[in-house]
Amino acid sequence: SSSHAINPAVYRKLPYDTEKEFVPITLTTLAPHLLVVHPSFAATTLKELIAMAKAKPGAIPYVSGGIGSSTHLAGELLKSLAGIDLLHVPTKGTGPAVTEILSGRIPITIATVPSVLHHVKAGKLRALGLTSTRRSASAPEYLPIADQGIAGYEAASWHGALAPRGLPDALLKQLNRDINAALLQDANKER
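Residues numbered from 1 in each chain as written. Predicted model: local features only at pLDDT ≥ 70, side-chain atom pairs only at ≥ 80, totals over all residues. Heavy atoms only, no water.

S.K.: Can you walk me through the pairing of strand β5 (residues 126–130) in this structure?
M.R.: Along any regular strand, the residues point their side chains to alternate faces of the sheet. Judged by how many residues are buried, β5 sits mostly within the fold: 4 of 5 residues are covered. In this structure, strand β1 (residues 22–37) lies alongside β5, joined through 4 bridges in antiparallel fashion. Opposite Val37, over in β5, you have Arg126 as the bridge partner. (Buried < 20%, exposed > 50% of the residue type's maximum accessible area, 1.4 Å probe, protein only. Helix = DSSP H or I, 4+ residues; strand = E, 2+ residues; numbered from the N terminus. Pairing = 2+ DSSP bridges.)

S.K.: Would you explain the packing of aromatic side chains in this entry?
M.R.: Two descriptors summarise a pair of aromatic rings, namely the distance from one centre to the other and the angle between the planes of the rings. Evaluation of the coordinates by the stated rule reveals 1 aromatic pair. Geometrically, the ring pair formed by Tyr16 and Phe22 is edge-to-face, given 5.9 Å between the ring centres and 80° between the ring planes. (Phe/Tyr/Trp six-rings, centres within 6.5 Å; stacked < 30°, edge-to-face > 60°.)

S.K.: I keep staring at the pattern of salt bridges and nothing clicks. Help me out?
M.R.: A side chain with one charge may pair with a side chain of the opposite charge, provided their charged atoms come close. Counted according to the given criterion, the structure contains 4 salt bridges. Measuring nitrogen to oxygen at the nearest pair gives 3.9 Å for the salt bridge that ties Lys79 to Asp85. Given a relative accessible area of 14%, Lys79 falls into the buried group. For Asp85, a relative accessible area of 34% gives the class partly exposed. The partner of Lys121 in a salt bridge is Glu141, with the nearest N and O atoms 3.9 Å apart. Linking Lys121 in helix α6 (residues 113–121) with Glu141 in the loop between β5 and β6 (156–164), this pair joins segments that are 20 residues apart in sequence. (Salt bridge = Lys/Arg side-chain N within 4 Å of Asp/Glu carboxyl O.)

If you want it as structure tokens, here you go:
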């Protein structure tokens, strides 16, 4: 997962060396996130959120799935590109982060689409933007953040298949073909 690539930048000691011990086989999923706010939060658009954050630097918190998680890095990228300062509140996973925003204790999060979309559709959260550069098939009604004035903004979680370095090239190529063929089956594409 994306955390496999992120971990070397977050942790000083790991029981493996990502670059030296593994080789990629194929990317299996790429999942954008949604920037969402609690319905009680005053901002109803990304532009309003940015204006509020600029007016109160460091005063508005956002919750993530943890330090170094893809949602944390998505939030930090938003801060950097929008020129704002939000207060990062890490939790121990997506579930606790979603619980925090649903309770209204923390007004903002960036989370995987499946973890928040049903809450948005039920009116328990409000979506302000998608973290991909194009609309999502699972949430086509939400505009990408990059299309709302934050040029170059793109963040997502991904999963892929890796193998131990040293696996024969012929086997790596066969695994790539087989996994990609499975991913292209109609049932898997629909999921």
